[in-house]
Structure formats: structure tokens, C-alpha cells
Amino acid sequence: MNQPVKNYVDIESAISDFEAAERKRLNLQEQPVEQWYDPQPQTFTRAQRATTTILMGGLTIMQDNFIKAALCGIGVNVEVLDCPDTKALHYGKEFGNRGQCNPTYFTVGNLVKYLVQLRDEQGQSTEEIEKNYVFMTAGACGPCRFGTYITEYRKALRDAGFPNFRVLSFQQKEGLNQTNGGEDAALPLNLKFFMCILKGCVLGDICNVMGYRLRPYEIQPGQTDAVLAQVRDILSAALSKNTSLIKAAHQCKKLFKTIKVNRNQAKPKVMIIGEFWAMTTEGAGNYHLQRFLESEGAEVDIQVITAWLLYMLWTTMHDTKRRLKLREDDTGRYGLANMDGQKRIMKLWVGEKILRGIFKSFAFLMGLKHYKLSDMNEIARLAKEYYDLESRGGEGHMEIGKVIQAAEKKKAHMVISVKPFGCMPSSGVSDGVQSLITKKYPDVIFCPVETTGDGEVNFQSRILMFLFKAKRRAKAEFNGAAVAH
Amino acid sequence: MATKKKFLIGLDVGSTTVKAVVVNQEDRQIIWSDYQRHKTKQVEKSFELFQAIQEKFSEYSPSDFRVFVTGSGAKPLVEPLGALFVQEVNAVTLAVESLYPDVGSVIELGGQDAKIIIFQPNEKTGEKQAVCSMNDKCASGTGATIDKCMIKVGLPEEQVSQLQFNSGKLHKVAAKCGVFAETDIVNLIKSGIPSNEVMCSLGDAIVSQNLSVLTRGNTLLHKVLLLGGPNTYLPFLQQTWRLRIIETWQQRGYKYPTELSPEELIITPDNALYFAAFGAVMYGLDEPEHVGQYKGLSELEKFVEEQRSGNMRKANSGPALVQNITEVGDIKVNYSVPPFNKVQYNPGDHVRAVIGLDGGSTSSKAVLVSEAGDIIAKAYKLSEGNPIADMKDLLQKLKLQITDQGATLEVIGFGATGYAADVLEESIAADVNIVETVAHMMSAVHFFKNVDVICDIGGQDIKVLFMQNGDIKDFRLSNQCSAGNGMLLQAMADQFAVPITQYADTAFAAKQSPIFSYGCAVFLDSDRVNFQKEGYTKEELLAGLAMVLPKNVWQYVVQIPRMAELGRNFVLQGGTQYNLAAAKAQADYIKARVPNAVVNVHPHCGEAGAIGAAIETLRVVKRRGKSTFIGLDNAIALGYETRTDESTRCHFCANKCTRTFIDTKAQTGHTSRYISGFSCEKGTVESKDALRVLIEKRKNLKEKYINLIEYEARLAFKSFYKPEAMPEGGAMIDDIKVYHNLLGRLKRKKVRRAFKRSSADAIAMRKKIRIGIPRVLNLYSTAPLFRAYFEALGIPSSNICFSDFTSEEMFQEGAKYGSIDPCYPSKVAQSHIHHLLFKTHEKSPLNYIYFPTITHVPTFVEKSMDSTSCPIVAGTPNVMKAAFTKEKNFFGERNIEYIDNAVNFMEPNYLKQQMFETWGKRLGITEDESDFAMEQGWKAFNWFTQDLERRGLEVLEKVEANNEVALLVLNRPYHDDPGLNHEILEEFQALGYPILSIRSVPKDHAWLNRWFKQDLARNKITSPLDINDVWPENYSANSVQKVWAAKFAARHPNVCVLDLSSFKCGHDAPTYGMIDDIIKASKTPYMALHDLDANKPAGSIKIRVKTYAYTLMRYQESLLDRAGRLSELEKNIAAKRKELLALRRASIMEMLESDQELKQEHHTMDAAFKAYLDEDEEVLGLTLSDLSQDLEKRAPKSKKRADIAPLDTNVIAIPITQITRRQNNETVPLKVANAKERI
């Protein structure tokens, strides 16, 4: 028998129960859809700084070491990840998106590998790892896949079981970007901080150039590497203890002088250009390209990170100058709305002078002679006809400019352009334009080559194919010079 | 003392053969040579060759020999032989320079490599320089591809070597990847194409592939030398080279000695095999005497022994597949497929059953399933190429299994799946024709109660189905890649001559395994070569490969990192599961990632598809109450004829597809014709009348289920906007003047000045200008602006010429200029430029070809970091300039100027400057005119967008109202090109789903807020067009728009998703996981095609479309069903309310009975109410009692009117003439309907 229904409250309550039952019966018990959001964990506060280790890596071994030392010198706990290896690549492929380029797989996988080791080998809990570590990397705003590295880090970390791990992006053009930082930000975003990074890059560049210049001609095998290890320790100590860098640089100069060389050898000089990471990494990411070339009897001419910083300054300068006289300013990313374009140009000019000055000074102090940083205006002038200066991504027009420069000034016997498989700016644009450059400059031995992370044999075979010609040319030059003398 | 004679040995260790030559140092003559197929035993075969050399030259000691080795497998031999390694291209170059100094180019096809060397003369020095290129990571166009396909074609070697090339009967074969080629070959054979035609088609495809990719856009110089095994032994391949190379020369205007015959221009030397080995020796001649000193046989022998013993171990090798012998036993217990015992019958028994048949790519299977769902009998056969013949054979086998026992068989239904299903549905009136995925799902669900994931690995395909509530929730299929399929294991077993049945036992014997990098099957094979060189044994290699299989399945194809989220019940099926090594590796992989996983192997894993078809047939026949099947005996006796000749050719377009007709005739008189081998729908009909019906059908579809992708693609390039008239010269305008002040600071001030016009001559000149624009890339989203810009400047609409939409023919014709291999949308740009140069310009000369470098594109997304183009897309105009000017200036020759200036759509003011800088002088325009034209361009662009949004809204409103679904395509603008999207959308349109483009989704905030209100309320976003909640690194415009569209689809219940991406798309790659997460959370039906490329993988697309159509159908049903249930709910609630109100009334009555005071109160008040009702009230001044009086004599009392509503609302109580409107200054009455609306 029905319960007596006295008032409307009872009716509504009964209807509500009835509706619930009916919804269940009719399978209409729908929960509102919980849409997906990217949690983007980024909070890193001043209070957490003392107990948090900042993980970083991705430049050359030297540079990573120096930046670590310099940051330690201003009280920041930094741990540098090892140079990515094949295991890192496998982690990257497992947790990354399909179709990424291999620098993404290597670097993203390298972080996952490190965290998995902390968890599985050192027994730290996921919560501890997420609390005690953050990762800092260079960010960008495109236009190639490099700009989405941070997206990829977060995806891989979520999928690998570290959903709350923090990844901070260091914007190359804009300084440190911490969404939740504000006044409570953990890192001292001041000139001192940026100088640490700058010093690390410049000192690393100089050591690397010295090493690649000396090693192929050393009389006592292994001496250059031994000296470089000592140099690394001396400079790292000076950076971390805030002692005189000038004194340390002098010490290094003396050490470099101890390396005995025999320049009386015909060795082809091979310039390595290409995609930033593939050409600078010194590990599995390019199949140890630099050492491979040395083992095949070549001298390697590397690109320095300082040149990349100069390129960054140049692009901003170029973009600003192009827009300076518009009747109305635009609000787009490069637009000058709410900005004093002339002031910016002045700052960039000063910045460039300072950067070149620092490099030149330390190069002099450490004994690096006859090394000239690239003239970005000249490179742009050479490349302009073939590669639009406003087409960006990767090295932009630099690759083209460098090859023309190498051809016109006979800077190297051979140019290798190394890039990850399917690198958008390098494989997808530069290589296409280079086909015209090599026709215009038939003397240039140009070898574009892609890395996939596997296929080392084919990669090296391809290089040997070109190196053969470079060796012949170097030998002919050497013999010619000998005859002339 | 006279010096002893010295010899140089050249050894070439390739991927399939080992070749050696002995050269006399004095006269450089080859005095001994031999080659052997090594069957992966490179070291042992090399050893044998050295033994032979030592025997032949027994009077000499090792010190008389120097050794130079080359080839992909030669490096490990350097140390034991004391040899020097020479890179193979360099070796070949030296050999050619020495033996054929007048040669201009070399094409060498090896087992795994293809090389092209062009000897370019240096104009300055006159010296020849060798420009070399070789495939570095892909086996396309190599001997391996030919080998693989030859096996499929089944032609004996001796017949192949006699085959002559015939260009008259060529069929489509995609040689881009060996795997694609194989798939096409299988399909051609199945369509009944003769073997010789298939081989010629393959040869032609391989030659074209090499000419378009490996030459890196360079023209081969004469004479051309053909080297390597395939070029030496296959005359039809030589003939193909001759035909196509000469064609290319003629097309490009290359000057070659026409007096020479093709055989003299393109040569195959006698000793083609030994060029690399001989070249290695030539290299050695330049080296100092001590280099390459032969160490003698003993070291090599020791090396061979070490390899044989398997003592060479790598420190970084992976674990074994099994740890001990006990584990092997467990595997056999847990994962072995139980032996099938056919059901036993007694003579005279009557068996009623249905047949399920799965016509697969490599094999066909059939099953008999009883009415109770039990498997009674099975039949299997390797496909012989004709589905009718296969079917007849299988049915006969099934029949005999029953009738041989003396029982009788009554087949009550027939269902088919797989490649053969369509033809069987037609010819034997199958009851069921279901797509393989659904068949596999039905089969798995039939055997296992709880199924979360079904993983089917067949010979060519991988299918992974994700289940929810016994239905397919989502699925993944291998697209065009063979990585992870059964053929991979089969091919590897074949390499080592291990029968596939012994694969598992062989692999289980390994104590370690090499770690393969998962991915492309070709890369895996190159890994295999490396590992072999490192000394891994076949056992270890087979184990390693089995272990990489799950990685390929789950990481490469399926792309599921969080497997545990899929559920814990996995069913493995497909023929590959018979291989216990594969099953074990799969189970290990799954269990390592899914806690408490239950991994079952389907008890009939090879026949899962056939069983699914049978189960569905049981259901259909039961529901329908009868079968359409022509009957078992009729089917077995079915007469058929397959024809592929001139009479079957389609003549409805220039393609003239060679179709195949399969005509069948059953004893019942039932006839059917099944047509295959056509490339478009036109090929499905035979007469113009039938074609007319087809066209009408399509037209109707266009209106009923609009495809806004197609409409957008057409509209973008049409002249739909008529620009406003250019202001007259002197008309006053507002402007801003930019100047430097005295301190050098830039200042701006507002000015009013006269509009400047160009001269009359310039205006007249512009009327004659013709501009060609390639219909590619981001022009799909920006073309309306450019067109309107030029039209506003006075260039006639007909003089703005876009290339055609992409087509296969267009690509083939113009695809030989590029030096790189980017994504197809960028690569195809060369064909469009070619089209403009060779087609458009030929018809009527062009002055300019305009292909702007679009660095930034317009976007509707708000709060994004930037709005950049993809760098490849932006840079392609530069690449095209290089491609068409490097050998000769194709533009200059035609007096065409190629323009590729940068444009930035995110900065309108800067864009004005960029456009004026480019076109000012060329078109003789003033800056004012250019700026005005730009404004017109933006107007056209806005019209374009608004029109599409309006049509999109119509679609969305319609589907919402009718509980239907629309398909939103997540794509980059250029996938609107039918040549890029392979017209997949039309297939869904034909199924009754309207297609929405991203542009066509309305972007009105107020409208969108309905879908994003939750996100806005939670402050996840600041606008419905903001995507920072899911992707903060949002700078790449087209990717960002795709992500926004995914978000929209996730929130709109009537929108399902089709996600299109090109193979190699770097900008879509970061969005894959994100879109997947967005879609998964909302459970929106979704299908992705992430590997769109030049070739259309018709088979794979068909399966996907059919499977997704099944999902869409189910989803649409669920929407309808839900609407029905909601209506039932409303009805039931209303009824319930009525019931409860009645109950309340009853309760009150009960209460009144028990409460006297209340009863009295009600009684009194009821009486008062009754009195009110009974009161004789005046109406129109009268009471009822007044009616008894003589009213006519009564004086009027009141003017009060009755307040009574009309009884029938359709009868309007207002005279029509009272509601009027003004028309032509006359007052006319409004129609009744209007009046009703107003009321």
C-alpha cells in the first residue's frame, strides 16, 4: 500500500527517488564528463630551494659541468644528467609521441631514465622524487618541434608514472619563465644567474674548440683528453668556489701548452653544422660523430654555443629593425606595440658586444688563438638570396650561410650537416636549398646526414663516402704546400 | 733479385652476396673472381673464398697479397684479414673511373642499398667530380624490395630473367617502401593480374622511385652504367631504366647523343658484379705498400671459429627469452593453442551449421559453426590469388569433413570477412559481410567472458581493439607499416632457413638476445645485419626479434604507454600467436606493465575472423528467419570467369584503369559480376546510364550530408568576392607619418593627405599580368586574401591561375625535381610548380609564379604564444626555387619570375609592408593602392570564414535536433586537398555523415560558451577559444587549431572526430598524445589516420572506414536510444507525478474523514464555493433569470462584454482587414499565418 502523501515536499522527494530509479533502469545515470586538462606542475618556491635539486643537461659535457659549477657557486643545487645514451632513446620512444625527432626522444628519455633509476635502483618513492627534484631546460616558442619539448617532457613524465614532476622552461629569449613563481620564485633571476649560464657556455666552447684543434695532432695519444679533464676541474672549482676565473684560465693556458703536437700531417678539416642538438651532443645522439671523424683521420671544426646566442640576438635585432618604421605597430609576437624599438636595438647591440667581449677575453686568457666568432650579418647576407631570413626554426638561414662561407673562404675541406631524421628546418628546408648551393659551389664537399638513433653503420658509411674525397683533397693540398716549400 | 709478383685482393661483402677479385698489381687485370650468396654467413663465405684463392695461388705466400674490403658487411673482417676498409660508393666510383672513364652516371642496386653516382664536370677546372647519393635508412627501391616481391609473385627465377618490359600494361605499385610495394603486389595478384604485368609494374615503380628520390633532383648524365645484382640479371629492369631515363632527359631538355641507341647510352657491363671489389683494389693501389697486408687464413679461420662457437658476447646484450627449461614447459601449457579435433558424427547424422570465411591477405580460412555456436570443422589454405577459387576449395574441404563421416550437412547461412568478403557477398549472396575488426571482436567475446583488449597479429596487419561493455570502444590498426606483424618473424626465420614452426624452440635456446631498436621493419633488418656482424647467433637473433615484436605493437603501432588503463583481460589472436616465442614475449611485455594481467591466447587464434563472421551469420539468419546464401553445393560448383583485358578497361576518364571482372554463375542461374582494380568510383559501373545514376546519387549526397572540407577546398580558390572600387587619386585619406625628430628618435603623427594612384599605363599593364599560384600548403587557408589583393589591384580574376588539385598523375609527372624527402604536402609542391610551368604556362604564358613563404598564419585561437607555420611548410617556397633553378632556370627560360617573399599574417601592418615591398615595382602600384588591396584581401578572407561558419552552424543545429552525428575533421588546411586526404571523407559522406571542417565550427563566443561553460566557470580558460588548459606551448597555428577542435568535439555530443595527419608531420607529433587524452576523457568516437602519404593504402583505409562506420553507427544509435529513453523518463515522471497527486488527494480525503473539525471547515467552505458557482451572475448585462422575460422590450443596461475566449483558436476573432501592412503605398491585409504568428 502506498504511503500517505501529505504535501508537495513529499511528492518532490518521491519524484526525485523515482527519477533516480528510472534513470538507473533506463541507463541514464550520467555523470558530467570530466574533461582532460594538462596539470602543468611548475610550482618551485623559495622555501623549497634548499631541499630541491635542479636537474639539467643537454649541452656539451663541458658546458653542462661549468653551468652546474657556476650555479652551485650562487647556492643553487644542480645535478647534471649524463649524456643521453641508447637506453635514454628507448625510454623516450616508449613514453614520447610517435613522430618526434630523436633529440626529443634522447633528452626526454634521459630524464625519464634518471628518474626511473632514482625510483627503482635507489628506492626513492615517486612522491619524494617529485618533491625533491625539478628539471630545467631551455624552452622556445617554435617554430619547429623544439618549441614543444616541454609538452613532450610532461607527457612522457605522466606516462612514465611521474605526473607531478616539475619541468621549468628557460626561455632563450626571455629569461626564466615560471608560471607560479612570482615573488616567491625559487631561482634568483638576476644578472648573476644569467652570467652563470653565459660563463658556462663560453668556457665550455673555448675548451671544446681547443680540444678539437689539438687532439688530432697530439703526439702522445690521450694527452689532450687528460689535459681537458684537468682544465675542467680547475675551471669548475673556480666557478663553484667563486675564486678568480682569470687565474684559473691562466693555469689552463699553461696546461694546454704542455700538449705536444705534430701538425705535419695531412688531415682534412671537417666542419660540423646542422641541427643544434645533433651537432653539439657528444654521445649516441650522433653516434659520437666528432670522435668518429677523428678516428678516421679528420680534424673537426665544431660550432660553438656562443654563435647560437649571437644568432638569437641577430634575429631579434633583424625583426626589430624591419618593423621600426611601420606607421602602426602590430601586436603579434614580433610586433613592436607597447615597446620602444630603438631602445631594444641599443640593448641588443650592447648585449652582442658584451658576449663577444667575454668570449674574446677568455679565449685570449686560455690560449685560443685565431678563432673568430661568426659574423651574423655576413652569414645573413650570404644566405639571403636562397633562404628567407624570416623563415625560422632550427639554425634558420645559418646553415646555408655557413656552407657558402666555407666554400668562399675555404674554411674546411668538408662540411657535414648532421640532423635528426626528419628535422623540419634542416632536413626539410636547408638540405633542399643546399642542393642549389652545392651546384653553385661545386668545390664544396657537403654531406647532409640524418640520425635516427639506430642505423649507425649506414650513417658512418655515408660520412666515409664523402670523407674519402676530403682526405684526397687535404692530401693534395698538403703535398702542394710541401712542394711549394 | 727480381721482386716477386704481387696481388691485390678485393672483397665485397654485401647484404646477400660475397664477391672477391684478385688483381695483378702490375697490369691491374682481374685474374680471378668469384661470388657466393652468403645466406647471412658472410664471414664463413668470405673464408671459403679466401680458401679458394689460396688454393688457386698456392705457390704464393700471404705476404704476396694485400687485401682491401668493402661492402656493408666487411668491417669485422678488417682485423682478421689485415685488410683496409674502403667505403663501397668510393670503391665503385674508383672502379668506374678506371674501367669506364666516359661514364656520366652510375646506378647500382644492391641487396639493401641503392646508390647513384653522377660525375659532374666542374665548369672551372673541367675535372669530373663524383656526386654520390645512397639510401641511408630505407630499403625502398633496392634489391631487397625486388626479392621480397618476386617471392609474392611466384615467378620462377628463370622466367623472371627472361621477362621483357612492357610499358603498355602497368599497374599501380607503391615502391616508396618495400612493405607498401608488397601489399600492392599481393592485391594485384589477387585481382588476377598476370605475373609478368605485376613484375613490370614493380620494375617501373622501383625505377621511378629511384629517379625521383635517389637522384636528389639531379639529372643523370650520359652514359649511364647499371650495376648490382638486379640490374645485371633482370633485363626488364634494364629496359625500364632505359625507357624512363631517356624520358626524363627529353622532358628536361637535357642534351644527349641521340644517335646512340638506348643500349649504348645506358650500359650493363659484363663484370657488373665485381665493380665494388675491383674498386677497393683501385683504392689500395694508392695506399702505401704496408697497408692491407694479408695475414693469411689462420686468423680468419680463428675468427670464423669464434663466431661459430657463439663465444662473442656483447656486454650490453639483453636477457634471454626464457630463463630455464621449466619455463619453456609453462609457456607451452599456458600459451599453446590447443589442437583442434573436429567433431565426430555418426553416419546418418544431420548437421546444421553456418560457415564463416575469412579471406585474408596471405591465407584464407573457413569454419563450420553449429547452431549452438560450437566450432565443428575448420579449413585453411594459402591464398592463390583468386577469392572464388579459394572459397570453393575451402567449402569443399569443410563439406568433406562432415560427409566423409557419413553425416549430412545443411548450411543455414554464410558469412564472410577479410579482403574477399565483397566479392563473396556479390557472387554467393553471403548473409554477412563484416569488417575484420568487428569479426575479431565477436570471436573473442564469444570465447571469453571478460575481454578488455584484443590483440590480433596477422601476416600483414596488426589490429588492436579496446573493449567496453562487450563492444569496440576504440581500435588501432597498423597502417602502411609492417613493423610488428607476423611477416617480420617469418622473414627473419626464412633468412636463417628456420621453419616457422621451429621458431619458438630455436629462440628459447638463446642465452641472451641483442636489443633491437623497435620500429620500421627495414631498420630492424639493418640491425639484424649489425648484430650478425657482432657475432650474435641465429637463436639469439630470433629471440631478440620476438622480444621487439610487442614493442612494435604497443609502442610503435598502438602507441599506448599506460597499458594498465586499458583493463586487465587481454586476448591474443591471429596466426602469429602459434609462434610461442611471440606469445611469450607479448605476455611478458603486458604483464610487466599491467598488474594482475590475464593474457589468454584465443583457442582458434588463426581462425578468429572466420569464427566472428560465422557468429554474426548465426545472429543475422536467426533474426531474418532465412538465409540469402546460394547453398553449399551451388557455391562449390560455382562457375566463374576472371577477365582483365581491353573489354574490362574503364573509359570514364584518362586513367583508363584496367579493371578485373569476376563473373560468376551458379547452377541456380544466379549470376553476378564483381569489379575490382579501379581507382575511383566510376570504375564500379559499366555504362553511361549507370554512371549518370552514380552522379545523381553523389549530387544528392552533397545536399543532404554536406562535406564542408570539400566545399572549403573549392571556395578557397574561387573568385567569390568582388573588391570595392579603388579610391580615386586625390581622394583625402587619414594616414600616419613616421619621421625622426632632431634627437634621432622615431616619431609618428596623424596626417590627412590625398590618396595616390598609379599611372594609367601601370593600370593597363596590370590588366595583362598573369600570376600562377600553386594550390598547396597554407594557401588553402590564405588564398582568398591573395586573390582579392590582386583583383583589387586590377588583375583580372581569370589571370590568377592556381594549379589543379593534387592528383596521383600530377605527382608522378612533376616529382623528379626535389632533392629532399619531406612530408607529402610539401613534397608535392614541386609537382604543382611543374604543373604551372609545363601546363598552365603552356596554355597562356604566366608573368609570375607566386609562392609566398608564409611564416605566420591567421588563427582564431586566443591567448596563444604565437601563430607560426610549420618551418617546412614555410620554407618550401625556398626549396622549390632551389629545385627549379639548380640545373637550369626553368622560370628564367620561360620569362617567368618566381616570387617567394615572406609574409606574416599575424601582423597586418607589417604584412602590408611585406606585400608592397614585393609587388610595388612589379605591378607598378603605389603604397596606397597596395594597402587598399590588402584591406580588400582581409574582407574576402573574413567572408570566406564567415560563410563556412554559417554552414557549419546549420549542420550542427540539424544533427543536434535529429540526434545524429557529424564528423569533425581535425586536419591542417592543406588536407582539404582531395589528393592529400585520399577522399576518405567522401566515404563517410556516402554513409550519411555530414563533414565539418575546423573553420566551419562557429567561433561566436556566446554560442561556444554553451560547450565551454564548465571550463570557464573553473577558470581553466579565459575564453572558449583558449587552449592553455591543455597545451601551453601553443605556437604552431595549425596544430593549435586541431587541439582546439578536439576540445570542441569532446564537449559536443553530436560531433565525432576524424584526425588526419601526414606521415612525417613534425608539428602534429606533439599533439597525438594530447588529442588522445582529450578524446579519451570525453569518450568521443574517434579515428586517426596519422600516416597519410603519396600512396593511398586502399585496403587499410577500407578497413578503417568500415570499422569506424560501425562505431559511428553504434554511437548514433546510442544518441537516438538515449533520446528515446529520456523521452520515456519524462513520460514516466509525469505519470508518476499524476499518480502521486492522486494519492495526495486520497490522503487528504482520508484525513478529512478522521478530523471532524477540519471536515466541518471544508464542508462550510464547499457550500460557500457552491453558492458562488450557483450565483446568477450578469453576463452582457443579463442574468439567466432575465432570459425568461421579453428581452426586446428591456432597455439596455450595461456595455460590459463577455470575457470569454474563442472556443477554437484557429478561428481568428479579429477581422482580417484590421491587421494590415503598407505595401507600395497601399494598405494590404496580412496573411492569416502572419497574423497567427503575431498572436
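Residues numbered from 1 in each chain as written. Chains lettered and ligands numbered in written order. Predicted model: local features only at pLDDT ≥ 70, side-chain atom pairs only at ≥ 80, totals over all residues. Heavy atoms only, no water.

### Considering the overall build of chain A
So, step 1. When helices and strands are tallied, chain A shows 18 helices and 9 strands.
So, step 2. For chain A, the spread of C-alpha atoms along the three principal axes comes to 120 × 50 × 50 Å.
So, step 3. Across the 485 residues of chain A, 61% fall into the buried class.
So, step 4. In chain A, once contacts between residues fewer than 6 apart in sequence are set aside, the share between residues at least 24 apart is 75%.
So, step 5. Here chain A displays about 19,900 Å² of accessible surface, and carbon together with sulfur accounts for 52% of that area. (Helix = DSSP H or I, 4+ residues; strand = E, 2+ residues; numbered from the N terminus. Buried < 20%, exposed > 50% of the residue type's maximum accessible area, 1.4 Å probe, protein only. Contact = heavy atoms within 4.5 Å. Areas by Shrake-Rupley, 256 points an atom, 1.4 Å probe, with all protein chains shown as cover.)

### Things to note about the packing of helix H9 (residues 223-241) of chain A against helix H10 (residues 245-257) of chain A
All names here are of chain A.
So, step 1. Between H9 and H10, whose axes approach to 9 Å, the crossing angle comes to 175°. Relative to H10, H9 is oriented roughly antiparallel. Judged by residue contacts, Val227, Leu228, Gln230, Val231, Ile234, Leu235, Ala238 and Leu239 of H9 engage Leu245, Ala248, Ala249, Gln251, Cys252, Leu255 and Phe256 from H10.
So, step 2. Here the residues of the contact of H9 with H10 sort into 13 nonpolar, 2 polar and no charged. (Axes fitted to C-alpha atoms, helices over the stretch in contact; angles between N-to-C directions. Parallel < 35°, antiparallel > 145°, perpendicular 65-115°, else oblique. Nonpolar A, V, L, I, M, F, W, Y, C, P; charged D, E, K, R; others polar.)

### What to know about the interface of chain A and chain B
So, step 1. Every contact between the two is made by 103 residues of chain A and, on the other side, 122 residues of chain B.
So, step 2. Of the roughly 10,200 Å² buried between chain A and chain B on both sides combined, carbon and sulfur atoms contribute 52%.
So, step 3. When the area that chain A buries against chain B is broken down by residue, the three leading residues are Trp36, Arg98 and Arg327 of chain A, summing to 9%.
So, step 4. Summed over the shared surface of chain A and chain B, the number is 14 salt bridges.
So, step 5. Here Glu94 of chain A ties to Arg593 of chain B by a salt bridge, and the two come within 3.1 Å at their closest N and O atoms.
So, step 6. The tally of links from chain A across to chain B stands at 46 residue pairs in polar contact (both at pLDDT 80 or more).
So, step 7. Within the residue set of the side of chain A that touches chain B, elements represented by two or more residues are helix H1 (8-25), helix H4 (86-95), helix H7 (149-159), helix H13 (305-323), helix H14 (341-366), helix H17 (426-440) and helix H18 (456-484) of chain A.
So, step 8. No other element matches H18 of chain A, which puts 12 residues into the side of chain A that touches chain B.
So, step 9. Per-class residue counts for the side of chain A that touches chain B are 35 nonpolar, 25 polar and 43 charged. (Buried area = accessible area lost by both parts, 1.4 Å probe. Salt bridge = Lys/Arg side-chain N within 4 Å of Asp/Glu carboxyl O. Polar contact = N/O pair within 3.5 Å; in protein donor to acceptor, adjacent residues only side chain to side chain.)

### Considering a nonpolar patch on the surface
So, step 1. Among the surface-exposed residues, Met346, Trp349, Val350 and Ile354 of chain A lie close enough to one another that they form a single nonpolar patch of about 400 Å² accessible area.
So, step 2. With relative accessibility at 44%, the residue Trp349 of chain A sits in the partly exposed group. (Patch = residues over 30% accessible without salt bridge, like charges linked within 9 Å, V, L, I, M, F, W, Y side chains within 5 Å.)

### Observations regarding unusual backbone geometry
What is expected of a backbone is that most residues other than glycine have negative phi and most peptide bonds are trans.
So, step 1. Between His222 of chain B and Lys223 of chain B the backbone carries a cis peptide bond, its omega angle lying at -10°.
So, step 2. Secondary-structure assignment places Lys223 of chain B in the loop between helix H7 (195-214) and strand E9 (224-227).
So, step 3. The backbone phi angle of Asn27 of chain A is positive, close to 60°, even though this residue is not glycine.
So, step 4. Checked against the element boundaries, Asn27 of chain A lands in the loop between H1 and helix H2 (46-49).
So, step 5. Given the relative accessible area of 57%, Asn27 of chain A is considered exposed.

### Points about the domain arrangement of chain A
All names here are of chain A.
So, step 1. You can read the domains of chain A as domain 1 (46-188), domain 2 (190-260 + 307-369) and domain 3 (266-304 + 373-485).
So, step 2. With centres defined by C-alpha atoms, the gap from domain 2 to domain 3 works out at 22 Å.
So, step 3. The interface is formed by 21 residues belonging to domain 2 together with 25 residues belonging to domain 3.
So, step 4. Between domain 2 and domain 3 lies a buried interface of about 2,400 Å² when both sides are counted; carbon and sulfur atoms form 58% of it.
So, step 5. For domain 2, the biggest contributors to the area lost against domain 3 are Tyr212, Tyr311 and Trp314; these three give 32% of the whole.
So, step 6. On the surface where domain 2 and domain 3 come into contact, there are 4 salt bridges. (Domains from an automatic or database assignment.)

### Some words on the environment of His370 of chain A
All names here are of chain A.
So, step 1. Secondary-structure assignment places His370 in the loop between H14 and helix H15 (376-383).
So, step 2. For His370, a relative accessible area of 78% puts it in the exposed group.
So, step 3. Residues His370 and Asp329, 41 residues apart in the sequence, show an inter-C-alpha distance of 43 Å.

### Side note on the pattern of salt bridges
So, step 1. All chains considered together, the criterion is met by 89 salt bridges over all chains.
So, step 2. Glu927 of chain B serves as the salt-bridge partner of Arg327 of chain A, at 3.5 Å between the closest nitrogen and oxygen. Residue Arg327 of chain A is located in the loop between H13 and H14, and its partner Glu927 of chain B is located in helix H34 (residues 927-962); the two belong to separate chains.
So, step 3. Under the relative-accessibility criterion, Arg327 of chain A is labelled partly exposed at 25%.

### Observations concerning the packing of H7 of chain B against helix H9 (residues 235-252) of chain B
Residue and element names in this part refer to chain B.
So, step 1. Relative orientation of the contacting elements H7 and H9 amounts to 45°, with a least axis distance of 9 Å. Taken together, H7 and H9 sit at an angle that is classed as oblique. Along this stretch, H7 crosses H9, giving a crossing that reads as right-handed. Taking contact as the criterion, the partners of Met199, Cys200, Gly203, Asp204, Val207, Asn210 and Leu211 in H7 are, on H9, Phe236, Leu237, Thr240, Trp241, Arg244, Ile245 and Thr248.
So, step 2. Of the residues in the contact of H7 with H9, the class split is 8 nonpolar, 4 polar and 2 charged. (Left-handed = near helix turned anticlockwise from the far one by under 90°.)

### A short note on the sheet that holds strand E26 (residues 771-773) of chain B
All names here are of chain B.
So, step 1. Pairing is parallel in the open sheet, where 4 strands are placed in the order E27-E26-E28-E30. Edge strands, defined here as strands with exactly one partner in the open sheet, are strand E27 (800-802) and strand E30 (897-899). Each neighbouring strand pair of the sheet contributes to a mean axis angle of 25°, computed without reference to strand direction.
So, step 2. As paired elements, strand E28 (residues 848-850) and E30 share 3 bridges and run parallel to each other. Bridging across to E30, Tyr848 finds its partner in Glu897.
So, step 3. Of the strands in this sheet, E26, E28 and E30 touch helix H33 (residues 908-923), which is tilted by about 170° from E28. (Pairing = 2+ DSSP bridges.)

### Thoughts on the confidence of the model for chain B
So, step 1. With 92% of its residues at a pLDDT of at least 70, chain B reaches an overall mean of 86.
So, step 2. Complex prediction metrics read pTM 0.85 and ipTM 0.93. (pLDDT = per-residue confidence, 0-100.)

### Some thoughts on the confidence of the model for chain A
Caution applies to low-pLDDT regions: their predicted coordinates should not be interpreted in detail.
So, step 1. In this model, chain A carries an average pLDDT of 89, and 94% of its residues clear a pLDDT of 70 or more.
So, step 2. Here residues 175-181 of chain A is modelled with pLDDT under 50, and outside its nearest four sequence neighbours on either side it reaches 17 contacts, counting other chains as well.

### Digging into the pairing of strand E19 (residues 569-573) of chain B
Strand residues, when the strand is regular, have side chains that alternate between the two faces of the sheet.
Residues and elements named next belong to chain B.
So, step 1. Within E19, 5 of the 5 residues are buried, leaving the element largely enclosed by the surrounding structure.
So, step 2. Of the two faces of E19, the one lined by Asn569, Val571 and Gln573 and the one lined by Phe570 and Leu572 are each fully buried.
So, step 3. Where strand E16 (residues 453-457) and E19 come together, 4 bridges link them in parallel fashion. Residue pairing across strands places Cys455 opposite Leu572, the latter belonging to E19.
So, step 4. Across 4 bridges, the pairing between E19 and strand E20 (residues 598-601) is parallel. When the bridges of E20 are listed, Phe570 appears paired with Val599.
So, step 5. Note that the unit made of E19, helix H21 (residues 580-593) and E20 has a crossover that is right-handed. (Right-handed = clockwise from strand over helix to strand, strands pointing away.)

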